[in-house]
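Listed below are the residues making up each chain.
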Amino acid sequence: MTIQYKPMRKWLLFMGVLVLGACGVTVGQVQQRSCAGGEVEFDIFSGRPNPILPLSDSECTTIVTTLQSLTETTPFEASDQLGYRGAYVSLNEVDHNQKIIHSEIYVLGDRLRVTQDDVTRFLADPDHRMEAVLLEQAAQSLEPDTVSLLKEVMN
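The following paragraphs examine the structure supplied in this document. Throughout, a residue's number is its position along its own chain's written sequence, starting from 1. Since the coordinates come from a predicted model, pLDDT governs what is reported: local features require at least 70, and pairs of side-chain atoms require 80 or more to be given and counted, while whole-chain, interface and lining totals use all residues. The side-chain numbers reported here are obtained from all heavy atoms of the structure, hydrogens and water having been left aside.

1. Digging into helix 4 (residues 129-141)
Note on helix geometry: an α-helix contains 3.6 residues per turn, so any two residues three or four positions apart are oriented the same way. The condition is simple: Numbered from the N terminus, helices here are DSSP runs of H or I no shorter than four residues, and strands are runs of E no shorter than two. How far a helix is expected to stretch is found by multiplying one less than its residue total by 1.5 Å. The buried label applies to any residue whose accessible area, calculated with a 1.4 Å probe on protein chains only, is under 20% of its type's maximum; exposed applies above 50%, and partly exposed to all values in between.
In this model, helix 4 (13 residues) spans 19 Å end to end at C-alpha, consistent with the 18 Å of a helix rising 1.5 Å per residue. Where helix 4 is concerned, the buried positions are Met-130, Glu-131, Val-133, Leu-134, Leu-135, Gln-137 and Ala-138.

Pasting the structure below:
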């Protein structure tokens, strides 16, 4: 006996849209979130504090937009080497019900690990767009010599 899943998926999607429509919720509202800031820690130093910079709501939005343009990839482990070991981004978003959604993002070169609601995804960033976004934000907030060091180790 063969079970056909495609018709079942279409039926479930139809029922989901029907239920949401009956509740007065549109598809745009389901996905609508606003950023509520966060912070970035550049894991670069051993023996002294790593640079941490707060993220404004607009910087958070830029990061979320960049994330949405990336594609899934294979899992990977965080770096344990000496020197630059990646950037840790902590973001907060608020959904249409005012529920806070927290995301943890690990960025290392062309790879990202994104954890949200206990679900982890791995993303590919072949053009290093996320690191470029983080460097741009660091240049506005961190000491120039720290930014120069970050540029050197990230490229």
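2. Some details on helix 5 (residues 144-154)
What counts is decided by this rule: Note: the arc covers the axis-to-C-beta directions of the helix. Residue contacts are counted whenever heavy atoms from the two residues lie within 4.5 Å of one another.
When we look at burial in helix 5, the residues that qualify are Thr-146, Val-147, Leu-150 and Met-154. All buried residues of helix 5 project into a common sector of 100 degrees when viewed along the axis, lining one side. Opposite the buried face of helix 5, at more than 90 degrees from it, the exposed residues are Pro-144, Asp-145 and Glu-152. Of the surrounding elements, those touching the buried residues of helix 5 are strand 1 (33-42) and helix 4.

3. Comments concerning unusual backbone geometry
Backbone phi values are negative for most residues with the exception of glycine, while trans is the configuration of most peptide bonds. Of note in this structure, Asp-117 is not a glycine but carries a positive phi near 55 degrees. Taking the relative accessible area as the measure of exposure, Asp-117 reaches 49% and is therefore partly exposed. Positive phi is not limited to glycine here, since Asp-118 has a value of about 65 degrees. Within the secondary structure, Asp-118 is located in the loop between strand 6 (111-116) and strand 7 (119-124).

4. Considering the nonpolar core
Cut-off, in case you're wondering: Put simply, buried Ala, Val, Leu, Ile, Met, Phe, Trp, Tyr and Cys residues joined by side-chain atoms within 4.5 Å make one nonpolar core.
Counting 34 residues, the largest nonpolar core has Phe-42, Ile-63, Val-89, Ile-105, Leu-134 and Leu-150 as its most contacted members. The biggest single contributor to this core is helix 4, with five residues.

5. Focus on the side chain of Glu-59
For clarity, the cut-off: Each polar contact in these results corresponds to two N or O atoms within 3.5 Å; when the atoms are within protein, one needs to be able to donate a hydrogen and the other to accept it, and residues that are neighboring in sequence are counted only if both atoms are side-chain atoms.
With respect to the helices and strands, Glu-59 occurs in helix 3 (residues 57-68). A distance of 2.8 Å separates the side chain of Glu-59 from the backbone nitrogen of Ser-56, its partner in a polar contact. Those residues in contact with Glu-59 that sit more than four places away from it in its chain are Pro-54, Gln-137 and Gln-140.

6. Re the packing of helix 3 against helix 4
Applied cut-off: In this description, a line fitted to the C-alpha atoms serves as the axis of each element, helices being fitted only across the stretch in contact, and the angle between N-to-C directions of two axes falls anywhere from 0 to 180 degrees. Roughly parallel means an angle under 35 degrees; roughly antiparallel, over 145; roughly perpendicular, 65 to 115; everything else is oblique. Gly is put with the polar residues, along with every residue not named as nonpolar or charged; the nonpolar set is Ala, Val, Leu, Ile, Met, Phe, Trp, Tyr, Cys and Pro, and the charged set is Asp, Glu, Lys and Arg.
Where helix 3 contacts helix 4, the two axes come as close as 9 Å, and the packing angle between them is 170 degrees. Compared by their axis directions, helix 3 and helix 4 come out roughly antiparallel. Contacts between helix 3 and helix 4 involve Glu-59, Thr-62, Ile-63, Thr-66 and Leu-67 from the first element and Arg-129, Met-130, Val-133, Leu-134, Gln-137 and Gln-140 from the second. Here the residues of the contact of helix 3 with helix 4 sort into five nonpolar, four polar and two charged.

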